[in-house]
Structures are given as C-alpha cells and as structure tokens.
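Each chain, letter by letter, is given below.
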Amino acid sequence: MAETYTKEQLNNLGQEELVQIVLSMQSGFEALQKSYENLDHTMQLMLEQLSDANRRRFGRSSERLEVNGQLSFDELGAEYAVFNEAEVLFDLDDEEETKPRGRKKKGKREEDLKELPVKPIFHSMSEEELKDFFGDEEYKQLPDEIQKRYVYKPAEVYVEEHHVEVYSGKKSERMVKAKHPKWLLKGSMVSPSLAAGIMNGKYTNAVPLYRLETNFQNNGVNITRKSMAEWVIKIGERYLSLLYDRLHECLLNIPILQADETPVLVNKDGRFAGSKSYMWVYRSGAYDVSHPIILYEYQKTRKVDHPREFLKDFSGVCVTDGYQVYHTLENEREDLTVAGCWAHARRRFDEALKALPKEKRKGCVADTALKMIKAIYKANDALDGMSDKERLEKRQSVIKPLVEAYFAWIKENQPLVLKNSKTDTGIKYSINQEKYLKTFLEYPNVPMDNNAAEQSIKNFCVGKKNWIFCDTVSGANASAIIYSIVETAKANGLRPFYYLQHVLTVLPEHMDDTDYKFIDDLLPWSENLPEECKKSPKSTK
C-alpha cells in the first residue's frame, strides 16, 4: 500500500525528499495511465467482438456496401486523386439500377409450356342440353374457351422384366444369348434411371438417402437406404470414376483454375470421432464459360500434399483465398502462379465496419478501404466484353494505379487503427497478400476473386447441411465423384437426371474396351449428347 503524508509531515520534509515523492507519484501515474490504456484497448476489442458476434447471430449475411451520397475521395489527399479519376471514368457511385417493373411479357405462358407435353381434354354439350338451354332459338358454336393447368404425377416406379432368349447346340452345347443391355450391377435391381434418380435426389436436390427411402416407401416401393448407399458407391467407383478422370485431364489443360476447400465429417475413417476431413474443389476460371469444369476431391487432411498431387500436371494460374499451401506450391514450382482473392480482403473490412456503432462508421478506415475496393471492382467490371488485349491494357493503365494507391493508403493508415482490431486484421491481410492480390493485373482472364470456387463449395455445403456427414471413406470418395459430375453438368446447362441416366446407360456397354475415346462423347459439352439432356435456352439463364 502506498505511503500517505499529512500536511505537517510534508512541511517538515526536505527538498530532496519532496523531489523523490513527486518522482514516485509521476512514475505511478504513468503506470496507471498505461494500465488504463491497456484496459481501454481490451474493452474496445471486447465490444467489437460482442458486436460482431451479435451481427453473425442476428444480422444479415449480405456484404453489400451501402454508400450514401457521393463516393468521393477528396479527403484522402492529392496522392490518391487516382480514385476520383476512376469515379469520373466509371461512374462509381451508380448502384446497379433497379429496373422498373414493366408489363408482363405477352406470350410468356406459351413460352413456359412449349417444352411440356399437352393432353387435350374436351368438354362438350349434347343436343338435348343445348335444346334445353336455347329452346327454339337458333344457335351457333363459338371458338372453344381454353384453360390450361399443370398436372403433377408422383414418381413412377415399375419393374422391367427382361426375358433374354438363350440357345444351345444339341451336340456342341455351345450357348448364345439374344442381345440385351449390359447390367449396371450384376444381380442388382438398380437400373440407369433408378441410379440417376437417387443421385439426382441426393447430389442435385440435397435430399438425404433416408428421406429418399421414405419417399419410395410412400409410393409402395421398398428400397432401403443401405441398398442405395451401396449402389451409389459401386457405380461411382466402377463407372463414373472414368468420366471423372477424363474431366480431370481436361481441367489440367486449362490455363486458369480456382481452388477452395471445406470441412466434412466422415464417421469411419480410422480416426477419432469428430476428426475433420476436407472436400477440396478445383474448377475452371470464372472467365472460362465455354466448357466449365468443377471437380471435388475428398482428403482426410488439409495438407499441401493433396493439391500438389492433384495439380502436378497443371501449368498456369491458380486463384485461391490465401491459404498457405498454395503459396508453398508456387515456391516449389516455376510453372505455377498463385492469385489472391479481393473478396476475402473486402470481407474483413466489411466485418470491421459492421462491428462499429452506426454513428462511427462513416469515414472510418474500414469504410474508406471498402470504398476503395469497390472502386477497383467497378473499374474491373467495366472491362467486361472487351477483348483480352484491351482488358489487359486497361488493367495496367487504369486499375493498377488504383491498386497501388490502395496499398499505399492502408500502409499509411495502419498505425492509426486499434491493434488487433478487425480493421487492423483487414489491413494485415491485404498487406500480407499484396503480391497475390496484384496477380490479376498481369493477366486478362484471371478473376479478381475466388467467388466462383466458393459458390461451388457452397453447393456442396447445402447438401452437407442436410446429410451432415459421410459414413465411410468410400462414400466420401463416391460423393466427390458424383458431385463433380452433377455440378459440371449443371454448369454446362444440362439436366442432371437425364445426363446421369444417359451416362450410366452408355458406360456399361464399353467396360471391355481398351480404348476409352468413347468417353469424349459423354463429356458435358459434347454435341453427341441426346437432346433430352440439354436444358432449353430459357432454363439455362
């Protein structure tokens, strides 16, 4: 406890003793001030974390940046005037215009119905009914009043009983059978259409097998989830893996890829319960819309070995979210370049801004950083439709100065923000990823962000939320294969059920082939696919 003095005691002290007391008090005050600053710093971080937790639990997940008034960068100083120049060039303040609701397009209903079969049903009147109504008055028949309505029929399941004629020589006893389709799984009741229906239910519509089992039972069909799981795994391994491998070869020939990963639980993988496994996704770049490919790969860990093996024959640019394993790969190889994700850089400032009280948001560092990133996005979006040469020239002449100014500004303002706050975390992320966030400037077709890969992962996560976990490693591998086929089919404008049915009808007929060139006719962009596999132009929008 600090020593206290009375007025009389202080009057009796010498000058040197008084100086020592004052110095001691000054030292104590400085320690108290430092302790207060540390406490205030901790309190600020706690309040920010509490606000962020409440937002995550109760708030909207949208990351849209609301800008009130003009998006001006005058307050940043002359060295950042490049942002105001971009505002003039690309009209950065204009939000996407909401188109006024116009009149209903004439003929839309006919357009919607033209792909569906129509069953006419005629309602007529007898001569007696007409005479009762009109009496002796003469009458004439007018054009029919036509009303249309959709009719829904539940899934129809029936048994195909194949009778294959068999003949034997009376002397030689040689046997011959009539031509018939090859069975998917010998001794099994599964057909291409049933397998396609089960896979479409689980991997397109995210319906777990136990719900599919219930649906079948409600329609009087006894197909257990155990049987369905066994069929899915065997068909995935035996047949669809061939198509998956060919898609993998095609993917590695594309110069720009995007990659991401997400946790998945696998019950029986030889480890402790609850151990995390991962579903990796590799897809063609967002600018490559001619033949998009989306492939999933199951792995037990998140180690660098997995992308190293999957991408060993790839040469080009890989867009990622900043995960270190890809940087390790880039350091190992001369033919691999890694590009960063501006959406991840933006997301950290978005979280920082939303964690602040509303009255403190406008003009803060996170707010200004978000506006800068928005300006870069707007300028890049304005290049859509340009040739590769023109886009690259504009990225160098217009967007590069914006990016350089952004990094100069965040480095200048980093000392001004609360250490370890969300804004500080956002600045550190951008600075640490600076090399990778600038990669897109050197290429015309490298996207600014990894949103396309994230969207592909999201489709998997929607299903994962419903079925929660994979039971076995074989099941996880089969799921990776089938998700790859389904998502790639959807990306190429195909109808997953009809595409799977066609693939599973053709593949068994070629299992004895030594030349697998026939698989090219099954690729999702093949012109040889049946018309029923393809969506109408309207439904692909």
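How each quantity is defined
All residue numbers refer to positions counted from 1 along the written sequence of the respective chain. Since the coordinates come from a predicted model, pLDDT governs what is reported: local features require at least 70, and pairs of side-chain atoms require 80 or more to be given and counted, while whole-chain, interface and lining totals use all residues. The basis for every side-chain value is the complete set of non-hydrogen atoms in the structure, without hydrogens or water. Patch rule: a residue counts if its relative accessible area is over 30% and it has no salt bridge; like charges are joined within 9 Å, and nonpolar side chains (Val, Leu, Ile, Met, Phe, Trp, Tyr) within 5 Å. With residues, only the protein chains shown are counted as cover, and all accessible areas are computed by Shrake-Rupley using a 1.4 Å probe. By convention in these notes, a salt bridge is any Lys or Arg side-chain nitrogen within 4 Å of a carboxyl oxygen on Asp or Glu. Comment: elements are numbered from the N terminus, with helices defined as DSSP H or I runs of at least four residues and strands as E runs of at least two. Relative accessibility decides the category of a residue: with a 1.4 Å probe and only protein chains considered, values under 20% of the type maximum give buried, values over 50% give exposed, and everything between is partly exposed. Each residue carries a pLDDT score, the predictor's confidence in it, ranging from 0 to 100. Between two residues, a contact is recorded if the distance between any of their heavy atoms is within 4.5 Å. By this definition, two strands are paired if DSSP reports at least two bridges between them. In this analysis an axis means a line fitted to C-alpha atoms, helices contributing only their contacting stretch, and an angle means the value between N-to-C directions, from 0 to 180 degrees. Here is the rule for angles: anything less than 35 degrees is roughly parallel, anything more than 145 is roughly antiparallel, 65 through 115 is roughly perpendicular, and the remaining ranges are oblique. Handedness of a helix crossing follows the sense of rotation of the near helix relative to the far helix, less than a right angle counterclockwise being left-handed and clockwise being right-handed. Just so you know the grouping, Ala, Val, Leu, Ile, Met, Phe, Trp, Tyr, Cys and Pro go in nonpolar, Asp, Glu, Lys and Arg go in charged, and all remaining residues, Gly too, go in polar. By convention, orient the strands away from the viewer: a clockwise path from the first strand over the helix to the second makes the crossover right-handed. Charge assignment in this entry is limited to Lys and Arg as positive and Asp and Glu as negative, and neither His nor the chain termini are counted. One atom stands in for each charge, and that atom is NZ of Lys, CZ of Arg, CG of Asp or CD of Glu. N or O atoms closer than or at 3.5 Å make up a polar contact, with two conditions inside protein: a donor-capable atom paired with an acceptor-capable one, and, for residues adjacent in sequence, both atoms drawn from side chains.

J.: Would you mind going over a nonpolar patch on the surface with me for this structure?
T.: A surface patch of nonpolar side chains, amounting to about 220 Å² of accessible area, comprises Tyr5, Leu10 and Leu18. By secondary structure assignment, the location of Leu10 is in helix α1 (residues 7-12). Residue class for Leu10 comes out partly exposed when judged on its relative accessible area of 34%.

J.: I would appreciate a short explanation of the confidence of the model for the protein in the present structure.
T.: Close reading of the predicted structure is inappropriate where its pLDDT is low. On average, residues of the protein carry a pLDDT of 85, and 85% of them reach 70 or more. Low confidence marks residues 67-71, where pLDDT is under 50. Its contacts with residues over four positions away, or in another chain, come to 10 contacts.

J.: Even after reading the chapter, I still don't get the pairing of strand β3 (residues 256-268), so can you show me in this structure?
T.: For a regular strand, side chains alternate in direction, first toward one face of the sheet and then toward the other. Note that β3 and strand β6 (residues 316-319) share 3 bridges and pair parallel. The residue bridging Gln258 from the neighbouring strand is Val319, located in β6.

J.: Where do I start with the packing of helix α8 (residues 225-252) against helix α17 (residues 473-491) in this structure?
T.: The axes of two packed helices give the description: the angle between them and the distance between them. Running from amino to carboxyl end, α8 crosses α17 at an angle of 50°, the nearest separation of the two axes being 9 Å. Overall, the two elements α8 and α17 adopt an arrangement that is oblique. Between α8 and α17 the crossing geometry is left-handed. Judged by residue contacts, Val232, Ile233, Gly236, Glu237, Leu240, Ser241, Leu243, Tyr244 and Leu247 of α8 engage Ser474, Gly475, Ala478, Ala480, Ile481, Ile482, Ser484, Ile485 and Thr488 from α17. A breakdown of the residues in the contact of α8 with α17 according to their chemical character gives 11 nonpolar, 6 polar and 1 charged.

J.: When you look at the packing of helix α6 (residues 192-204) against helix α18 (residues 496-506) in this model, what are you seeing that I'm missing?
T.: Where α6 meets α18, the closest approach of the two axes is 8 Å, and the angle between their N-to-C directions is 140°. When the axis of α6 is compared with that of α18, the two are oblique. Here α6 and α18 pass one another in a crossing that is right-handed. Residue-level inspection shows Pro192, Ser193, Ala195, Ala196, Gly197, Met199, Asn200 and Thr204 of α6 in contact with α18, the latter providing Pro496, Phe497, Leu500, Gln501, Leu504 and Thr505.

J.: Would you mind going over the pattern of salt bridges with me for this structure?
T.: It is possible for side chains of opposite charge to pair when their charged atoms get near one another. Counted by the stated rule, this structure contains 23 salt bridges. Ionic pairing is found between Glu213 and Arg225, a salt bridge with its closest N-O pair at 2.9 Å. In this pair, Glu213 sits in helix α7 (residues 209-218) while Arg225 sits in helix α8, placing the two residues 12 residues apart along the sequence. Residue class for Glu213 comes out buried when judged on its relative accessible area of 10%. On the basis of relative accessibility, which here comes to 45%, the residue Arg225 falls in the partly exposed class.

J.: Which parts of the structure should I look at to understand the pairing of strand β7 (residues 336-339)?
T.: Relative to β7, β6 runs parallel, the two sharing 4 bridges. The residue of β7 that forms the bridge with Val319 is Ala339. For the segment spanning β6, helix α10 (residues 324-332) and β7, crossover handedness is right-handed.

J.: What's the story with a negative patch on the surface in this structure? I'm lost.
T.: Together, Glu127, Glu128, Glu129 and Asp132 make up a negatively charged patch on the protein surface. Note on placement: Glu128 falls in helix α5 (residues 127-134). A residue is classified by how much of its surface remains accessible, and Glu128, at 54% relative accessible area, is exposed.

J.: Got a minute to help me understand the side chain of Gln299 in this structure?
T.: Structurally, the position occupied by Gln299 is in strand β5 (residues 294-299). Polar side-chain contacts of Gln299 include one of 3.2 Å to the side chain of Glu297. Beyond its immediate chain neighbours, meaning those up to four positions away, Gln299 contacts Ser277, Tyr278, Trp280 and His306.

J.: What am I meant to see in unusual backbone geometry here?
T.: Glycine aside, residues mostly have negative phi, and peptide bonds are mostly found in the trans state. Of note, Glu173 is a non-glycine position whose phi angle comes to about 60°, a positive value. Relative to the elements of secondary structure, Glu173 occurs in the loop between β1 (166-168) and β2 (175-177). Glu173 sits in the exposed class, given a relative accessible area of 60%. At Ala206, a position not held by glycine, the phi torsion is positive, near 60°. Relative to the helices and strands, Ala206 is located in the loop between α6 and α7.

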